[in-house]
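# Secondary and tertiary structure notes
Given next are the chains, with one letter for each unit.
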Amino acid sequence: METTAMPPPAGGEEADASSSSPLDLRHAPLLLFDDHGEGKATDGDGMFQLYSIPTSWITPQGWVLMATPGGAVTFLWDPFTGARISLPPDREGFLGGDDGLKSKRCLLSCKAPVVHHDPSRCLVLVVDLADTVLWYCRIGVGDGEDADRRWLKHEYGTVGGGVRRLDWSLTSVGDKFLMDVVRTDDKVVVTLEFSPEPQFTVIPVEAVNRDSKPWPPHNGHSKYAWVESQGCLFHVRFRYSDYSLGNRSIVGVEVSKLDLSARAWAKVGTLDGRAFLLVHPQFGASLDPREAGSGLKGDCIYYCMPDNDDALHVYDMGRGTTSLRNPGRPYIGDHCSTKVLMPTTSIN
């Protein structure tokens, strides 16, 4: 396994190892707003390398999937320290092109790529959300052996249980991946495990009682986000106001925790002191607000809805209130690309 301290290469060339990392770790976690649109920042922008990163390639563990044009070099990158972990080359070109930027998501199967006891336990997964295909590789496996230094492709046809393909709700939880399926007639959770081949399991679960909490007038429309926190899967539901009040107003936030052994979701009133950071629908992470310099408050959900506005919202679960942090008006327009960069050590 190769780990180096270098910034990402630009324009297909290896960057100078003496170059400094573009970010200050004291600013982490860092929220970036790209008003040019994802992947369309100008070369004159000093943050071009960061703004051109697809949000879906940023993992909750802080590591970012990077690839040079043509895919000859792929690696995981720490944007704060400049550290890189080498990955197999993208010989099929599945990471390239506009479709690769928009429809594929990268996830890691463990808390951090560098696992002291067994580096091969960490699996890098790239899912095509527009097709029934995925690619994966294991860190530390096959170093020096070209036959094993490759991405493995898996075409699965269908997930099973009436679930056609993987979607944004797929979340890394420990050494497996979980996907919450919201349907009108029933509710299931899909598990994806690698032992060593990919295997899907569809598990029926008891849905949360949606009517147990009084809500203000609403139109029934909700948006969802999923977060792994301390080895458990959490489900965050944002309920919108009635059409007469405007569809951009969120009137309720509800958090549930999956008890896989009981096959049920249970509502929770706290986050056990953690803070959730969400960019709907592409990113969700749990952080410890006690970490120095985080500037976050426990039992709060920090979220952005790029389709709605450019603001940062903070929902306090203890008080049941939401505050608005506007980071850039009038300099940042609506419907901009929003992404989060986190230190790789911030998730326990």
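Under an unreviewed UniProt entry, the name given to the protein is KIB1-4 beta-propeller domain-containing protein, and the source organism is Sorghum bicolor.

### Focus on the sheet that holds strand 11 (residues 176-182)
Taking strand neighbours across the sheet as the criterion, the 4 strands line up as 10-11-12-13 in an open arrangement whose pairing is antiparallel. One side of each edge strand has no neighbouring strand; the edge strands of this open sheet are strand 10 (171-173) and strand 13 (198-204). With direction set aside, neighbouring strand axes in the sheet form an average angle of 30°. Note: strand 11 against strand 12 (residues 187-194), 6 bridges, orientation antiparallel. Pairing of aspartate 180 across the sheet is with valine 189, part of strand 12.

### Concerning the side chain of threonine 59
Mapping threonine 59 onto the fold places it in the loop between helix 1 (48-51) and strand 3 (64-67). Its relative accessible area of 0% is what places threonine 59 among the buried residues. From its side chain, threonine 59 meets the backbone oxygen of tryptophan 63 in a polar contact 2.7 Å long. If we ignore the near neighbours within four places in the chain, the residues touching threonine 59 are Cys106, Leu108 and Phe283.

### Some thoughts on the sheet that holds strand 18 (residues 275-279)
If you walk across this open sheet you meet the 5 strands as 19-18-20-21-22, and the pairing is mixed. Where the open sheet ends on each side, the last strands, each with one partner, are strand 19 (283-287) and strand 22 (321-325). Strand-to-strand twist of the sheet, defined as the mean angle between neighbouring strand axes without regard to direction, takes the value 20°. Where strand 21 (residues 312-316) lies against strand 22, 5 bridges are found, and the strand directions are antiparallel. When the bridges of strand 22 are listed, leucine 312 appears paired with arginine 325.

### Looking at the pairing of strand 8 (residues 133-138)
Most of strand 8 sits inside the fold, with 5 of its 6 residues counted as buried. Inspection of the sheet shows strand 7 (residues 123-128) paired to strand 8 by 6 bridges, in the antiparallel sense. By the bridge assignment for strand 8, valine 126 is matched with tryptophan 135. Remark: 4 residues form the turn of the hairpin made by strand 7 and strand 8, two consecutive strands paired antiparallel.

### So, the pattern of salt bridges
Across all of its chains, the model carries 7 salt bridges by this definition. As a salt-bridge pair, aspartate 316 and lysine 297 come within 2.8 Å of each other at their nearest N and O atoms. In this pair, aspartate 316 is assigned in strand 21 and lysine 297 in the loop between strand 19 and strand 20 (300-304), connecting sequence segments 19 residues apart. For aspartate 316, a relative accessible area of 10% puts it in the buried group.

### Digging into the environment of glutamate 155
Along the chain, the position of glutamate 155 falls in strand 9 (residues 152-155). Glutamate 155 sits in the exposed class, given a relative accessible area of 60%. Setting aside its immediate chain neighbours within four residues, glutamate 155 contacts Thr132 and Val133.

### A few points about the packing of aromatic side chains
Enumeration over the complete set of coordinates arrives at 8 aromatic pairs. Aromatic pair phenylalanine 94 and tryptophan 135: ring centres 4.3 Å apart, planes at 5°, arrangement stacked. Residue phenylalanine 94 is located in the loop between strand 5 (83-87) and helix 2 (97-103), and its partner tryptophan 135 is located in strand 8; the two are separated by 41 residues in the primary sequence. Take phenylalanine 94 and tryptophan 135: they sit in the same class, and that class is buried. Grouped by ring-pair contacts, the aromatic residues Phe94, Trp135 and Trp151 constitute a single cluster. Its end group placed over the ring of phenylalanine 75, arginine 84 keeps NZ or CZ at 4.3 Å from the ring centre.

Thresholds, definitions, all that
Within each chain, residues carry numbers counting from 1 in the order of the written sequence. In view of the model being predicted, local features appear only for residues whose pLDDT reaches at least 70, and side-chain atom pairs are presented and counted only at 80 or more, with totals across whole chains, interfaces and linings using the full set of residues. No hydrogens and no water enter the side-chain calculation; it runs on all heavy atoms of the structure. Here, strands pair whenever DSSP counts at least two bridges between them. The numbering of helices and of strands both runs from the N terminus, where a helix is a DSSP run of H or I of at least 4 residues and a strand a run of E of at least 2. Every angle, taken between N-to-C directions, lies between 0 and 180 degrees, and every axis is a line fitted to C-alpha atoms, over only the stretch in contact when it is a helix. We call a residue buried when its accessible area falls under 20% of the maximum for its residue type, exposed when it is over 50%, and partly exposed in between, using a 1.4 Å probe and counting protein chains only. Polar contact is defined as a pair of N or O atoms within 3.5 Å, subject to the rule that within protein one atom must be able to donate a hydrogen and the other to accept it, and that residues adjacent in sequence are counted only when both atoms are side-chain atoms. Note on contacts: a residue pair qualifies if any of its non-hydrogen atoms lie within 4.5 Å across the two residues. What makes a salt bridge here is a side-chain nitrogen of Lys or Arg within 4 Å of a carboxyl oxygen of Asp or Glu, nothing more. Note on ring pairs: Phe, Tyr and Trp rings are taken, using the six-membered ring of Trp, and paired if centres are within 6.5 Å. Classes follow the plane angle, with under 30 degrees stacked, over 60 edge-to-face and the rest tilted. Geometrically, a lysine NZ or arginine CZ counts as sitting over a ring once it is within 6 Å of the ring centre and also within 35 degrees of the ring normal.

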